[in-house]
Amino acid sequence: MDAELSALEEKVRQAAELCQRLREENRTLRQQLSQLELDRERLTSKVEGARERLESLLRQIPE
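Residues numbered from 1 in each chain as written. Predicted model: local features only at pLDDT ≥ 70, side-chain atom pairs only at ≥ 80, totals over all residues. Heavy atoms only, no water.

**Student:** I tried to follow the overall build of the protein on my own but got confused; where do I start?
**Tutor:** In terms of regular secondary structure, the protein is built from 1 helix and 0 strands. What you see for the protein is a C-alpha radius of gyration of 27 Å, clearly larger than the 11 Å of a compact globule of 63 residues, by over 25%. Principal-axis analysis of the C-alpha atoms places the extent of the protein at approximately 90 × 15 × 5 Å. Among the 63 residues that make up the protein, the fraction classed as buried is 2%. Counting every atom, the protein has about 6100 Å² of accessible surface; 58% of that belongs to carbon and sulfur. In the protein, which carries 12 positive and 14 negative side-chain charges, the distance between the mean positions of the two groups comes to 6 Å. (Helix = DSSP H or I, 4+ residues; strand = E, 2+ residues; numbered from the N terminus. Rg over C-alpha atoms; globule rule 2.2 N^0.38 Å. Buried < 20%, exposed > 50% of the residue type's maximum accessible area, 1.4 Å probe, protein only. Areas by Shrake-Rupley, 256 points an atom, 1.4 Å probe, with all protein chains shown as cover. Lys, Arg positive; Asp, Glu negative; His and termini not counted. Charge placed at Lys NZ, Arg CZ, Asp CG, Glu CD.)

Pasting the structure below:
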């Protein structure tokens, strides 16, 4: 009985450790996702600005 209880305690401990590691990994991934979303917005804005400048230059070219 003691061996079974010890084995169960070990499994619970391992499950708790895994849960903690996964929470930390989730937090890290959320932070990375947030940063990547900000980067994407910044790059999208830059591309839009470049497109607008290019369209402006193309309008200035005589037909």
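**Student:** Just to check I follow, could you spell out a nonpolar patch on the surface for this structure?
**Tutor:** A surface patch of nonpolar side chains, amounting to about 280 Å² of accessible area, comprises L5, L8 and V12. Overall, the relative accessible area of 45% leaves L5 in the partly exposed class. (Patch = residues over 30% accessible without salt bridge, like charges linked within 9 Å, V, L, I, M, F, W, Y side chains within 5 Å. Salt bridge = Lys/Arg side-chain N within 4 Å of Asp/Glu carboxyl O.)

**Student:** Honestly, the pattern of salt bridges in this entry has me stumped. Any pointers?
**Tutor:** Following the criterion strictly, the structure yields 5 salt bridges and no others. Here E10 ties to R13 by a salt bridge, and the two come within 2.3 Å at their closest N and O atoms. Residue E10 and its partner R13 are located together in helix α1 (residues 2–60), separated by 3 residues, close to a single helical turn. Owing to a relative accessible area of 31%, E10 belongs among the partly exposed residues under this scheme. The class of R13 is partly exposed, set by a relative accessible area of 38%.

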